[in-house]
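# Summary of structural features
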Amino acid sequence: MTRDGGVDEDKRATLRRFAALGAASPFVRFTDDGSDSDAPDAIAGYVSAHPGTHFSKLRDDLQLGTGETQHHLHRLENDGVVASQKDGDYRRYFPADQFTEFEQTTLGYLRRATPRGMLVTLLRDPTVTASELASALDVSRPTISNYAADLESAGLLSREDGYAITEPETILTLLVRYADSFGGDAAELASEADSLFRYDP
């Protein structure tokens with residue numbers, strides 16, 4: 001098999017895997033576009049499994065072209081399958097009608113390594129300081145301060161008396177539900193989640 005053939009087969013396998021998720025998703029309602037492409041189902045499945053993903057990440061992970069990705073996302077948005085939200089330089093995608101505005105904003109920040117690391121660390125230990133966060137995440141103190149200001153503006157963090165997550169249960173739930181689509185820090189937190197919060201059914 002040629003190298004190009006191997007790449008094509010890998011792409012087809014990736015598309016089929018996410019297409020299966022898309023076809024099974026209760027949020028997928030798009031109509032058949034008349035093609036036999038797995039791309040629309042794959043995009044829907046990927047967005048369902050990675051809510052808050054941005055365009056470039058989705059395109060690259062599914063090994064699609066830019067124009068092809070834009071075309072299918074445009075159709076999926078028009079058909080009410082996915083929704084998008086502008087987030088600075090990014091446009092982030094979500095299954096339509098599944099998340100509140102706060103949850104969409106949270107998922108956007110959880111897709112960024114440093115803000116996610118801050119939230120994970122604060123969920124584990126709400127008493128950590130900015131200096132301790134900087135040390136734990138191996139970033140500068142100004143970087144922590146800048147992201148803390150962003151998180152506060154977005155309503156995820158309070159800085160009135162140290163750093164405090166405003167809706168810890170919501171953030172923990174999203175981290176646990178989509179842990180496999182985040183970094184290793186989220187997966188580790190998911191394994192500890194039961195000891196962090198208890199819910200009354």
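For the structure, check the block above.
Every value quoted in this text rests on a predicted model; they were computed, and no experiment measured them.

A few words on the overall build of the protein. Regarding its fold elements, the protein presents ten helices and five strands. Scored against the burial criterion, the 201 residues of the protein give a buried share of 40%. Sequence separation of at least 24 residues holds for 56% of the intrachain contacts in the protein that already meet a minimum separation of 6. For the protein, the exposed surface amounts to about 10,600 Å²; the carbon and sulfur share of it is 45%.

Take the layout of surface pockets next. Here the largest pocket defines a volume of roughly 150 Å³. If you go around the largest pocket, you meet ten residues; those closest to its centre are A49, R177, Y178, D180 and S181. If you list the elements that add at least two residues to the lining of the largest pocket, you get α2 (39-49) and α9 (168-177). Classifying every residue of the lining of the largest pocket gives five nonpolar, three polar and two charged.

The next thing to look at is the packing of helix α5 (residues 101-110) against α9. As a packed pair, α5 and α9 sit with axes 10 Å apart at the nearest point and diverge in direction by 60 degrees. Taken as axis vectors, α5 and α9 run oblique relative to one another. For the crossing formed where α5 meets α9, the hand is right-handed. Residues F102, E103, T106, L107 and L110 of α5 touch α9, and the partners they reach there are T170, I171, L174 and L175. Considered class by class, the residues forming the contact of α5 with α9 number six nonpolar, two polar and one charged.

This part is about the environment of Y147. Mapped onto the fold, Y147 is located in helix α8 (residues 141-153). On a C-alpha basis, the gap between Y147 and P115 in space is 6.4 Å, while along the polypeptide they are 32 residues apart. The contact partners of Y147, leaving out residues within four places of it in the chain, are T114, P115 and M118.

With that settled, the discussion passes to the side chain of R112. Structurally, R112 can be placed in the loop between α5 and α6 (113-124). Within the structure, the side chain of R112 is placed 2.7 Å from the side chain of D87, a separation counted as a polar contact.

Bringing the pairing of strand β2 (residues 82-87) into the picture now. Two faces belong to every sheet, and in a regular strand the side chains alternate between them. The pairing of β2 with strand β3 (residues 90-95) spans six bridges and is classified as antiparallel. Looking across to β3, one finds that A83 is bridged to F94. Counting the residues between successive antiparallel strands, the hairpin from β2 to β3 contains two residues, one of them, G88, with a positive phi of roughly 60 degrees.

Each value, and the rule that gives it
- Residues numbered from 1 in each chain as written.
- Predicted model: local features only at pLDDT ≥ 70, side-chain atom pairs only at ≥ 80, totals over all residues.
- Heavy atoms only, no water.
- Helix = DSSP H or I, 4+ residues; strand = E, 2+ residues; numbered from the N terminus.
- Buried < 20%, exposed > 50% of the residue type's maximum accessible area, 1.4 Å probe, protein only.
- Contact = heavy atoms within 4.5 Å.
- Areas by Shrake-Rupley, 256 points an atom, 1.4 Å probe, with all protein chains shown as cover.
- 1 Å grid on protein atoms, 1.4 Å probe; cavity = no way out; pocket = protein on both sides within 12 Å on 5 of 7 lines; lining within 4 Å.
- Points joined across faces, edges and corners; volume = space filled by probe spheres on them.
- Nonpolar A, V, L, I, M, F, W, Y, C, P; charged D, E, K, R; others polar.
- Axes fitted to C-alpha atoms, helices over the stretch in contact; angles between N-to-C directions.
- Parallel < 35°, antiparallel > 145°, perpendicular 65-115°, else oblique.
- Left-handed = near helix turned anticlockwise from the far one by under 90°.
- Polar contact = N/O pair within 3.5 Å; in protein donor to acceptor, adjacent residues only side chain to side chain.
- Pairing = 2+ DSSP bridges.

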